[in-house]
Amino acid sequence: MNDSHDRAPAGRAARRVLAERKNGGIQVTLLWAENTNAVSVLVRDDGTDDQFELSVEPVDALDTFEHPYAYAAWRGVDYRLADRRDAA
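Residues numbered from 1 in each chain as written. Predicted model: local features only at pLDDT ≥ 70, side-chain atom pairs only at ≥ 80, totals over all residues. Heavy atoms only, no water.

Before going further, it helps to examine the sheet that holds strand S4 (residues 51–56). Judged by pairing direction, the sheet is antiparallel, and its 4 strands sit side by side in the order S1-S2-S3-S4 without closing on themselves. If you trace the sheet from one side to the other, it starts and ends with strand S1 (16–23) and S4, each paired once. Pairwise comparison of adjacent strand axes, ignoring direction, gives a mean angle of 15 degrees for this sheet. Bridge count between strand S2 (residues 26–33) and strand S3 (residues 38–45): 8 bridges; the pairing is antiparallel. What sits directly across from Thr29, in S3, is Leu42. (Pairing = 2+ DSSP bridges. Helix = DSSP H or I, 4+ residues; strand = E, 2+ residues; numbered from the N terminus. Axes fitted to C-alpha atoms, helices over the stretch in contact; angles between N-to-C directions.)

This paragraph deals with the side chain of Thr64. Position of Thr64 relative to the elements: it lies in helix H1 (residues 61–66). Using a relative accessible area of 1% as the deciding quantity, one classes Thr64 as buried. If sequence neighbours within four positions are ignored, Thr64 has contacts with Val41, Leu54, Val56 and Tyr71. (Buried < 20%, exposed > 50% of the residue type's maximum accessible area, 1.4 Å probe, protein only. Contact = heavy atoms within 4.5 Å.)

A few words now on the side chain of Arg15. The residue Arg15 is located in the segment before S1 in this model. Assessed through its relative accessible area of 12%, Arg15 is described here as buried. A polar contact is formed between the side chain of Arg15 and the side chain of Ser40, at a distance of 3.3 Å. (Polar contact = N/O pair within 3.5 Å; in protein donor to acceptor, adjacent residues only side chain to side chain.)

Inspection of every chain in the model, using the stated rule, returns 1 aromatic pair. Note on Phe52 and Tyr69: the rings are 5.6 Å apart at their centroids and 65 degrees apart in plane angle, and the pair reads as edge-to-face. Note that Phe52 is positioned in strand S4 and Tyr69 in helix H2 (residues 68–75), a separation of 17 residues in sequence. Overall, Phe52 belongs to the buried group, its relative accessible area being 11%. (Phe/Tyr/Trp six-rings, centres within 6.5 Å; stacked < 30°, edge-to-face > 60°.)

Let's shift gears to the pairing of S4. Burial along S4 is one-sided: the face carrying Phe52, Leu54 and Val56 is buried and the face carrying Gln51, Glu53 and Ser55 is not. Here S3 runs beside S4; their pairing, made up of 6 bridges, is antiparallel. Across the sheet, the residue bridging to Ser40 is Ser55, located in S4. Counting the residues that bridge the hairpin from S3 to S4 gives 5 residues, and of these Asp49 lies at a positive phi of roughly 65 degrees.

As structure tokens, this is what we get:
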């Protein structure tokens, strides 16, 4: 991932990349906003360009970073965007 997460889009706080990993075309990035202390995990599928982001408590950040799909499923986040497109 590039440093685009360090630059804030209009109306959005600048965030820093704390960790990132990529495996099988899935990119997972742990982000932190210094001004709000908000932590999130961004997951992107390079093959479909689908992505989702989970806001997390700092205490859960590393576990969510390691297991984002489990946390997404636990929260009821539908991360299977490609499956929804195929059904339509």
